[in-house]
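Structure at a glance
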Amino acid sequence: MISPDTIGCEEALRHLAEYLDGELAAERHGEVEAHLHRCLSCYSRAEFERRLKARLAALGNARPGPELERRVRALLAQLPER
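Here goes a summary of the coordinates provided.

Moving on to the overall build of the chain. Each helix and strand counted, the chain has 5 helices and 0 strands in total. Start at the N end of the chain and walk to the C end: the helices and strands fall as α-α-α-α-α. Dimensions of the chain, computed from the C-alpha atoms along their principal axes, are close to 55 × 30 × 25 Å. Put simply, of all contacts in the chain between residues at least 6 apart along the chain, 54% involve residues at least 24 apart. With 13 positive and 14 negative side-chain charges, the chain shows a spacing of 9 Å between the two charge centroids.

The structure is reproduced here in structure tokens:
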């Protein structure tokens with residue numbers, strides 16, 4: 001049985017970015033952390049996001065190569081105009 005003061009997956013994931021950035025108030029941080037300790041699915045998502053943030057941070061300010069820029073611009077050109 002889940003205690004009434006526990007948060008569910010939807011709420012935990014809604015606060016995940018703030019949790020990973022250390023920007024949640026202590027009480028909310030504890031609730032998200034407790035949820036991640038008991039929910040493998042949300043824990044896996046948090047670990048993926050944590051590793052992704054670390055990899056992106058390790059890239060620094062590297063500029064993409066010309067081929068990547070060309071591909072992104074081609075994809076953007078395919079989007080319908082608003």
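On we go from here.
With that settled, consider the side chain of His35. Residue position: His35 is located in helix 3 (residues 26-38). Exposure remark for His35: the relative accessible area of 3% places this residue in the buried category. Setting aside chain neighbours within four positions, we find His35 in contact with Ile7, Gly8, Cys9, Ala12 and Cys42.

For the rest of this paragraph, the subject is the state of the cysteines. All told, the structure shown has 0 disulfides when counted by the stated rule. With no disulfide of its own, Cys9 has Cys42 as its nearest cysteine by sulfur position, at a separation of 3.7 Å. Note on Cys39: no disulfide assigned, nearest cysteine sulfur contributed by Cys42 at a separation of 3.7 Å. By relative accessible area, which is 14% here, Cys39 ends up buried.

With that out of the way, let us pick up the pattern of salt bridges. Two side chains carrying opposite charge are able to pair once their charged atoms lie near each other. Inspection of every chain in the model, using the stated rule, returns 9 salt bridges. A salt bridge links Arg14 to Glu10, with the shortest nitrogen-to-oxygen separation between them at 3.8 Å. Here the residue Arg14 and the residue Glu10 both occupy positions in helix 1 (residues 9-14), the gap between them amounting to 4 residues, near one helical turn. Residue classification places Arg14 among the exposed positions, given a relative accessible area of 52%. Arg73 is the partner of Glu69 in a salt bridge, and the nearest nitrogen-oxygen pair spans 3.1 Å.

So, how was this worked out
Residues numbered from 1 in each chain as written. Predicted model: local features only at pLDDT ≥ 70, side-chain atom pairs only at ≥ 80, totals over all residues. Heavy atoms only, no water. Helix = DSSP H or I, 4+ residues; strand = E, 2+ residues; numbered from the N terminus. Contact = heavy atoms within 4.5 Å. Lys, Arg positive; Asp, Glu negative; His and termini not counted. Charge placed at Lys NZ, Arg CZ, Asp CG, Glu CD. Buried < 20%, exposed > 50% of the residue type's maximum accessible area, 1.4 Å probe, protein only. Disulfide = S-S within 2.5 Å. Salt bridge = Lys/Arg side-chain N within 4 Å of Asp/Glu carboxyl O.

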